[in-house]
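Understanding the architecture of this molecule
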Amino acid sequence: MQKVLVTGGCGYIGSHTIVDLINNGFDVVSVDSNIRSTPQLLDGVEKITGKKVRNYKVDLCNLEDTNAVFHENRDIVGVIHFAALKSVGESVNDPLFYFQNNLTSLVNVLKCIKEYKIPNFVFSSSCSVYGNTTALPVVEETPLGEAQSPYARTKQMGEQMIEDFSRVNDTQNILLRYFNPVGAHASALIGELPLGKPDNLVPVITQTAIGKLPKVTVFGTQYPTRDGSCIRDYVHVSDIANAHTKALQYLIDKRNSEKCEVFNLGTGDGVTVLEAIKAFEKISGVKLNYELGAERPGDVIAIYANNTKAKEKLGWAPQFGIDDMMRTAWQWEIALRDRVLNN
Ligand code: NAD
Ligand code: WQD
């Protein structure tokens, strides 16, 4: 069985990807310091797959500890690197924390990949690398715009570091640019665990519907879009997860000489904030308390992906639409409430 090292495996996308890797025959070990998570989602992974996944509770900013994990797992076929801090607002207030954590951890992982000659590397990037682009839909060749936050800058810099590294090393690399990952595993055993008050739309919607938050404010209703609210490319986390398995398999089977390839991961469909709210109300039967509010500073008006490259080269195709995303996010919110009530 081929073994993969997943960093950030206790997090939202990492845990869903571990499920998909196991379901596709891979053996997985995780490294996660739990700075933004607990081992709880790995319990959910075990319930879904029947496999217990080992997590090394290691801060990847510590080279010695990171090296020890690689030393013990030098037989891995690849690394999928999710571990990072991801709050846009927090990064604006504390940029050095983001540069230190997201870039030092990446440098250390790449040093170990080099030392142990790990053949394949997959990196979590983000559509935020495109900045405030107006060329839609976004293709991989769309020039990267000015980063709108230190967080986004860590993704741009991370991509550049990997590109430079790929020129002088044998490792094959893939950069996956996620658009807006939402939803939860269909079992409702794993999902997103926002720490504190969420900033992202879907957790704000589900937490409002369940009564944890008083209301949803729609940030901006006068934009030049079909209903005045912003457009995003929401993509189901299980589809994002499956793209990682496909990306890794693509690297393992790879016959071309490209050392670093980039793929957009979005559905290709833009959905407005008001459409997302309507989809939630339809699938949940809950009338959502929402208000039309002011624009959120820094928001891009509209962004969605051209995903042709991922479809053609990776053989990836998103399976879920906005209704599935809302349904699974809602089932997960209900499962979280029931778990609290039963404990
Ligand atoms: P998450 O916060 O749920 O998971 C990230 C995990 O990384 C956490 O469990 C955290 O404890 C761990 N981590 C952070 N720094 C670490 C370090 N120095 N050492 C060890 N572990 C560390 O986030 P997620 O939503 O699963 O995101 C995964 C990746 O995808 C991140 O790189 C993120 O930037 C990227 N991404 C996320 C989104 C999104 O909307 N969720 C969109 C685009 C890109
Ligand atoms: C979506 C839409 C808001 C909350 C962020 C990061 C990006 C990437 C994904 C990691 C926007 C609107 C939101 C609310 C609202 N992450 N909204 N009321 O801003 O597209 O992207 O997450 O890489 O880097 O910036 O996602 O979920 O915050 O917002 O009206 O209470 O929902 O204005 O149009 P965003 P989001």
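Residues numbered from 1 in each chain as written. Chains lettered and ligands numbered in written order. Predicted model: local features only at pLDDT ≥ 70, side-chain atom pairs only at ≥ 80, totals over all residues. Heavy atoms only, no water.

Operational definition: UniProt positions are given in the numbering used here, feature names are shortened, and annotations may be inferred rather than shown by experiment.
Named according to an unreviewed UniProt entry, the chain is UDP-glucose 4-epimerase originating from Chitinophaga niabensis. One UniProt comment on the chain, placed under Sequence similarities (unreviewed entry), says "Belongs to the NAD(P)-dependent epimerase/dehydratase family."

**Details of the side chain of Ser 229**
The line we're drawing: Going along the chain from the N terminus, every DSSP run of H or I of four or more residues is numbered as a helix, and every run of E of two or more is numbered as a strand. Here's how the labels work: a residue is buried when its accessible area is under 20% of the maximum for its type, exposed when over 50%, partly exposed in between, all with a 1.4 Å probe on protein chains only. For the purposes of these results, a polar contact is taken to be a pair of N or O atoms within 3.5 Å, where, inside protein, one atom must be able to donate a hydrogen and its partner to accept one; residues adjacent in sequence count only when each atom of the pair is a side-chain atom.
Considering the arrangement of structural elements, one finds Ser 229 in the loop between β8 (216–219) and β9 (231–232). Using a relative accessible area of 0% as the deciding quantity, one classes Ser 229 as buried. Among the polar contacts listed, one links the side chain of Ser 229 to the backbone nitrogen of Val 273, at a separation of 3.3 Å.

**Notes on the packing of aromatic side chains**
Two descriptors summarise a pair of aromatic rings, namely the distance from one centre to the other and the angle between the planes of the rings. The criterion, for reference: Each Phe, Tyr or Trp ring, with Trp reduced to its six-membered ring, pairs with another whose centre is within 6.5 Å; inter-plane angles below 30 degrees give stacked pairs, above 60 give edge-to-face pairs, and intermediate values give tilted ones. We call a charge positioned above a ring when the Lys NZ or Arg CZ atom is no farther than 6 Å from the ring centre and deviates by at most 35 degrees from the ring normal.
For the structure shown, the criterion picks out 5 aromatic pairs. Between the aromatic rings of Phe 70 and Tyr 116, the centroid separation amounts to 6.4 Å while the plane-to-plane angle is 20°, which identifies the pairing as stacked. With Phe 70 in helix α3 (residues 63–72) and Tyr 116 in the loop between α5 (95–115) and β5 (120–126), the pair connects residues that are 46 residues apart, well separated along the chain. Accessibility expressed as a relative area gives 2% for Phe 70, which makes it buried. Taken together, a centroid distance of 6.1 Å and an interplanar angle of 85° make the contact between Tyr 250 and Phe 263 edge-to-face. Note that Tyr 250 is positioned in helix α8 (residues 237–253) and Phe 263 in strand β11 (residues 260–265), a separation of 13 residues in sequence. Here Lys 309 stacks its cationic end above the ring of Phe 263, 4.9 Å away from the centre of that ring.

**Points about the site of ligand 2**
Our working rule: Note on definitions. A residue lies near a molecule or strand when any single heavy atom of the residue is within 4 Å of it. The Shrake-Rupley method, run with a 1.4 Å probe, gives the accessible areas here. Residue values count only the displayed protein chains as cover. Basically, the charged four are Asp, Glu, Lys and Arg, the nonpolar ten are Ala, Val, Leu, Ile, Met, Phe, Trp, Tyr, Cys and Pro, and anything else, Gly included, counts as polar.
Taken together, 18 residues surround ligand 2, and among them Ser 126, Tyr 151, Thr 217, Arg 232 and Asp 299 come closest. Interatomic distance of 2.6 Å between a side-chain N/O atom of Tyr 151 and an oxygen atom of ligand 2. Compared with its free state, where it exposes 680 Å², ligand 2 has 87% of that area covered by protein. Contributing elements (two or more residues each) for the shell around ligand 2: α7 (201–210) and β8. Top contributing element to the shell around ligand 2 by residue count: β8, with 3 residues. Residue composition of the shell around ligand 2, by class: 9 nonpolar, 5 polar and 4 charged.

**A short note on the confidence of the model for the chain**
Test applied: On a scale of 0 to 100, pLDDT captures the predictor's confidence in every residue.
For the chain, per-residue confidence averages 96 on the pLDDT scale, and 99% of positions sit at 70 or higher. Within the chain, helix α11 (residues 322–342) has the poorest average pLDDT of any element, 93, and strand β1 (residues 3–7) the best, 99. Reported confidences for the modelled complex are a pTM of 0.98 and an ipTM of 0.98.

**A word on the side chain of Ser 37**
Rules: Throughout, a contact is declared for two residues whenever any of their heavy atoms are within 4.5 Å.
Here Ser 37 lies in the loop between β2 (27–31) and α2 (40–49). Judged by relative accessible area, Ser 37 falls into the buried class, the value being 15%. For Ser 37, the side chain forms a polar contact with the side chain of Asp 32, separated by 3.3 Å. Here the side chain of Ser 37 touches Asn 34 through a polar contact of 3.1 Å, side chain to side chain. In this view, Ser 37 contacts Cys 10 and Asp 32; residues no more than four positions away in its chain are not counted.

**Topic: the site of ligand 1**
Taken together, 27 residues sit near ligand 1, with Asp 32, Ser 37, Phe 82, Lys 86 and Tyr 151 positioned nearest. Here Asn 101 contributes a side-chain N or O atom positioned 2.9 Å from a nitrogen atom of ligand 1. Measuring from an oxygen atom of ligand 1, one finds a side-chain N or O atom of Lys 155 at 2.8 Å. Counting only elements with at least two residues in the shell around ligand 1, the list comes to α1 (12–23), β5 and α6 (150–167). Residues belonging to the shell around ligand 1 are distributed by class as follows: 13 nonpolar, 9 polar and 5 charged.

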